[in-house]
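Residues per chain are reported as follows:
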Amino acid sequence: ALMTGEQYVESMRKLKMQVYMFGKKIDNPVDDPILRPSLNSVKMTYDLAQLPEYQDLMTVVSPYTGQRVNRFTHIHQSTQDLMNKVKMQRLLGQKTAACFQRCVGMDAFNAVFSTTYDIDKKYGTSYHQNFMNFLKRVQENDLTVDGAMTDPKGDRGLAPHAQADPDLFLHVVEQRPDGIVVRGAKAHQTGFINSHEVIVMPTMSMGEEDKEYAVSFSCPTDAEGIFMIVGRQSCDTRKLEGAAMDTGNPTFGGMEALVIFDNVFIPNEQIYLNGEFEYAGVLVERFAGYHRQSYGGCKVGVGDVLIGAAAVAADYNGCPKASHVKDKLIEMQHLNETLFACGIACSALGTKTESGNYLIDLLLANVCKQNVTRFPYEIVRLAEDIAGGLMVTAPSEKDLRDPKLGPYVDKYLRGVASVSTENRLKILRLIENLSLGTAAVGYRTESMHGAGSPQAQRIMISRQGNLRMKKALAKEIAHIEE
Ligand code: SF4
Ligand code: FE
């Protein structure tokens, strides 16, 4: 059954995750002031699913359980499903202005679904059945699942088996009759701490010598041997200062962690790939494709908030009618909708896989993500332009509240007379948060490197772009005969 947001939060309390931050073990991550906003973002994926007006977007009847499930646990059955996924992500981005983390699992489900089907067909393995049992449990219990792909990778010039330290890519260190033991780490893990379980996947295509690295499985996030070290975000400790206004987004955020798998035992039923190395690349390509599509939704929703914030700042500054301000806001919307158009386009041109689910158009999904490596930066640049320098020089909330200093802050930092200084500073802090504060992790650098760095998309564009066909077109038009 669908969980309410509150039930989700309570379910997270029951996990015994090993979480470290600032050199200390965090006993209660759920209520930790630095981590809580990231939990609130995931909670929103549950809260919205409860609202009648969002039911069609947020939930869908699963063909496997016959029950209504959260779309974040769904296997896409049509191009309409693919488009609804992107629309749902835009909605969540609008409601949180942060990374809501639950998409990685959804993208992993859909990539593992079709890949395990293909592997079983070739090798007679039972990975697909293993996965389906897991998926049904996820759908029935409305779980949040992290998708863990990125290994630390060590020396980028060397294959996994050739690294000085064999653990720089996660690998199987022991094959047992009842399962496997794995060791390694996954870096930049979005939302790990707010997930019930994790699906681990290999990080790139692999050759025969990397066989032990070609492994995919799922396990609970509090499985024996797993621990995580939370990554810092710019301005993260502002959340500890007791001045919510200075965070810019007091309620929502994202989180990332370095997750260490220190000899974790995985039972056979939870394994989806184990040594069939030629499928590592297939799994990566499909997962990356889905996640590149995802950015055409989530980043657009966050962009909507940033564009709105810039427009509000212009109002409060008293210059909403200046033609260059209006034009900059148009430019921001043009860029943002172009990203959305790519997310929708790669969905609309999706195709059915042999296993029965739908895969996005890979060329357009990679074009989508390539644009995401650029446009949010330009949108941020324009937002900073419109906001003015006060977004980075304004005194703290504590100064505004101070009996002696407050009246001066209020008097001298006012824009248009009808708007309180407090409101003006709030909107500027939100722009700061998205441009260079905690949310810039998701909106900027993750736009660059998340779902694969720009060069990874360029390789896919070169592979999928069919330059040969284009050359033939030109030759035909020019009447060239060779
Ligand atoms: Fe979802 Fe976007 Fe966060 Fe990825 S970056 S998990 S697609 S919200
Ligand atoms: Fe991401």
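Above: the structure in question.
Since we're looking at a predicted model, the values are computed, not measured.

Cut-off values and rules
Residues numbered from 1 in each chain as written. Chains lettered and ligands numbered in written order. Predicted model: local features only at pLDDT ≥ 70, side-chain atom pairs only at ≥ 80, totals over all residues. Axes fitted to C-alpha atoms, helices over the stretch in contact; angles between N-to-C directions. Helix = DSSP H or I, 4+ residues; strand = E, 2+ residues; numbered from the N terminus. Parallel < 35°, antiparallel > 145°, perpendicular 65-115°, else oblique. Left-handed = near helix turned anticlockwise from the far one by under 90°. Contact = placed C-beta atoms within 7 Å. Nonpolar A, V, L, I, M, F, W, Y, C, P; charged D, E, K, R; others polar. Pairing = 2+ DSSP bridges. Near = placed C-beta within 6 Å.

Caption draft 1: How the structure looks around the packing of helix H8 (residues 323-348) against helix H10 (residues 375-387). The geometry of H8 relative to H10 is characterised by a closest axis approach of 10 Å and an angle of 160 degrees between their N-to-C directions. The angle between H8 and H10 places the two elements in the roughly antiparallel class. Between H8 and H10 lies a crossing whose hand is left-handed. Residues Val325, Lys328, Glu331, Met332, Leu335, Asn336, Thr338 and Leu339 of H8 form the contact with H10, whose own contacting residues are Phe375, Glu378, Ile379, Leu382, Asp385 and Ile386. Residues that form the contact of H8 with H10 fall into these classes: 8 nonpolar, 2 polar and 4 charged.

Caption draft 2: Geometry of the pairing of strand E11 (residues 256-267). Sheet topology places strand E7 (residues 179-190) next to E11; 9 bridges connect them, and they run antiparallel. Across the sheet, Gly184 pairs through a bridge with Phe261, a residue of E11.

Caption draft 3: Quick look at the site of ligand 1. Neighbouring residues of ligand 1: Cys99, Phe100, Gln101, Cys103, Val104, Thr190, Ser294, Tyr295, Cys298, Gly442, Glu446 and Gly450. Within the residue set of the shell around ligand 1, elements represented by two or more residues are helix H5 (103-123), helix H7 (280-317) and helix H15 (440-449). With 3 residues, the top contributor of residues to the shell around ligand 1 is H7. Of the residues in the shell around ligand 1, the class split is 6 nonpolar, 5 polar and 1 charged.

Caption draft 4: Inspection of the sheet that holds strand E12 (residues 271-274) at higher detail. Spatially, the 4 strands line up as an open sheet ordered E5-E8-E9-E12, and their pairing is mixed. Bordering the open sheet on either side are strand E5 (145-148) and E12, each of which pairs with just one other strand. Shown here is a sheet whose adjacent strand axes are inclined to one another by a mean of 20 degrees, direction ignored. Examined bridge by bridge, strand E8 (residues 197-200) and strand E9 (residues 215-220) share 4 bridges and lie antiparallel to one another. Each bridged residue has a counterpart across the sheet, and for Val200 the counterpart in E9 is Phe217. Of the strands in this sheet, E5, E8, E9 and E12 are in contact with H5, which crosses E5 at around 65 degrees.

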